[in-house]
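So you can see what is in the structure, the chains are spelled out below.
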Amino acid sequence: MSLSFPGETPEYRAARDRLLDREAALRHEMEAVAEQRRALPPGGLVPEDYVFQGGDGAVRLSELFSPGNDTVIVYHFMFPRDPIDDRPGPSSGDSAQLPLDQGPCPSCTALLDQLDGAVEHVSPHADFVVVARAPVEHLTTFAAERGWRRLRLFSCAGTTFSRDYHAETEDGSARPMVNVFRREDGGIRHFWGSELLYAPAEPGQDPRHLGTLEPVWNLFDLTPAGRGVDWDEQLDYCCE
């Protein structure tokens, strides 16, 4: 490598080259992890064809697969939010009338804001859906208020889906899991879940179970200030 930028010092270039070595190693490790994930043996068969409620009525898990797709990626939206989350709720619209502990999680919302644009690019290869325990009317109302156009949202209220796939704690609190399902001749199998959410994190770090999926946090990692320790996603930044 012989890159240089205007005005940089030899000390900067030497430090940058050392960092570049680590960035290349990280790229290699990320691909190695992805390859190991793809090579997982068959996961467990889904115990039942869960029935969700969508804006157009009831939909079974087996019906979430579009023609030609054999994979469904499910994001478990924390709606209602974690009971100890005291960040402000929506500042306007019908969703603002919900009790705070029954409203949407700001962090999940921030991620879904970003993924709404990605769905169109993903859909030829895999289906992406969002499930939550909130009533479907709350989901569709909030989606309209956020301007989401591509996300498919379903209520799993009344099912054990979230509990079965570790998106709900024993006390009933929601957790932001991602679970991936694959349709095969023998039925639907669980392929992968973001279990890193539950693994111990390094001191001062959040779980980062979706660390490679979150554009906002990854953009912060490119800046001198980094992620910081005194900021978190909000539903409305003009009201902080």
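Okay, so let's go over this structure. (Residues numbered from 1 in each chain as written. Predicted model: local features only at pLDDT ≥ 70, side-chain atom pairs only at ≥ 80, totals over all residues. Heavy atoms only, no water.)

Next up on the list: the overall build of the protein. Along the backbone of the protein there are six helices and seven strands. Projected onto its principal axes, the C-alpha positions of the protein cover 65 × 50 × 35 Å. Put simply, of all contacts in the protein between residues at least 6 apart along the chain, 61% involve residues at least 24 apart. When the accessible surface of the protein is summed, it comes to about 14400 Å², and 54% of that surface belongs to carbon and sulfur atoms. Mean positive and mean negative side-chain charge positions of the protein (22 and 40 charges, respectively) differ by 4 Å. (Helix = DSSP H or I, 4+ residues; strand = E, 2+ residues; numbered from the N terminus. Contact = heavy atoms within 4.5 Å. Areas by Shrake-Rupley, 256 points an atom, 1.4 Å probe, with all protein chains shown as cover. Lys, Arg positive; Asp, Glu negative; His and termini not counted. Charge placed at Lys NZ, Arg CZ, Asp CG, Glu CD.)

Another point: the side chain of D116. The topology assignment puts D116 in the loop between α2 (106-115) and α3 (119-122). Of the side chains with opposite charge, R150 comes closest to the buried, unpaired D116, at an N-O distance of 4.3 Å. A polar side-chain atom of D116 sits 3.2 Å from the main-chain amide nitrogen of L151. Sequence-distant contacts of D116, that is, excluding residues within four places in its chain, are made with G147, W148, R149, R150 and L151. (Buried < 20%, exposed > 50% of the residue type's maximum accessible area, 1.4 Å probe, protein only. Salt bridge = Lys/Arg side-chain N within 4 Å of Asp/Glu carboxyl O. Polar contact = N/O pair within 3.5 Å; in protein donor to acceptor, adjacent residues only side chain to side chain.)

Before going further, it helps to examine the packing of aromatic side chains. Here the structure, examined in full by the defined rule, presents 15 aromatic pairs. Between the aromatic rings of W231 and Y237, the centroid separation amounts to 6.1 Å while the plane-to-plane angle is 10 degrees, which identifies the pairing as stacked. Relative accessible area serves as the criterion here: at 29%, W231 is assigned to the partly exposed category. You can call Y237 partly exposed: its relative accessible area is 41%. Here the aromatic residues Y50, F52, F161, Y165 and F181 are joined through ring pairs into a cluster of three or more. Positioned above the aromatic ring of W192, the side-chain terminus of R37 is 5.0 Å from the ring centre. (Phe/Tyr/Trp six-rings, centres within 6.5 Å; stacked < 30°, edge-to-face > 60°. Lys NZ or Arg CZ within 6 Å of the ring centre and 35° of its normal.)

Attention shifts here to α2. Judged by how many residues are buried, α2 sits mostly within the fold: seven of 10 residues are covered. Those residues of α2 that sit buried are P106, C108, T109, A110, L111, L112 and L115. Buried residues along α2 sit in contact with β3 (71-76), α3, β4 (127-132) and α4 (136-146).

We now examine the nonpolar core. Residues Y75 and F77 are the most contacted members of the largest nonpolar core, which totals 25 residues. Elements with a minimum of two residues in this core: α2, β4, α4 and β6 (178-184). With four residues, α2 is the largest single contributor of residues to this core. With residues near it in sequence (within four places) discarded, F77 still touches P104, C105, C108, T109, L112, V130, V131, A132, L139, F142, W148 and L153. F65, V74, F181 and I188 belong to the second-largest nonpolar core, a separate cluster that totals 17 residues. (Core = buried A, V, L, I, M, F, W, Y, C linked by side-chain atoms within 4.5 Å.)

Here we take up the pairing of β3. Of all the six residues making up β3, five are buried; the element is thus mostly covered by neighbouring parts of the structure. For β3 and β6, the ladder comprises five bridges, and the chain directions are antiparallel. Bridged to V74 within β6 is N179. Relative to β4, β3 runs parallel, the two sharing five bridges. Bridge pairing links V72 to D127 in β4. (Pairing = 2+ DSSP bridges.)

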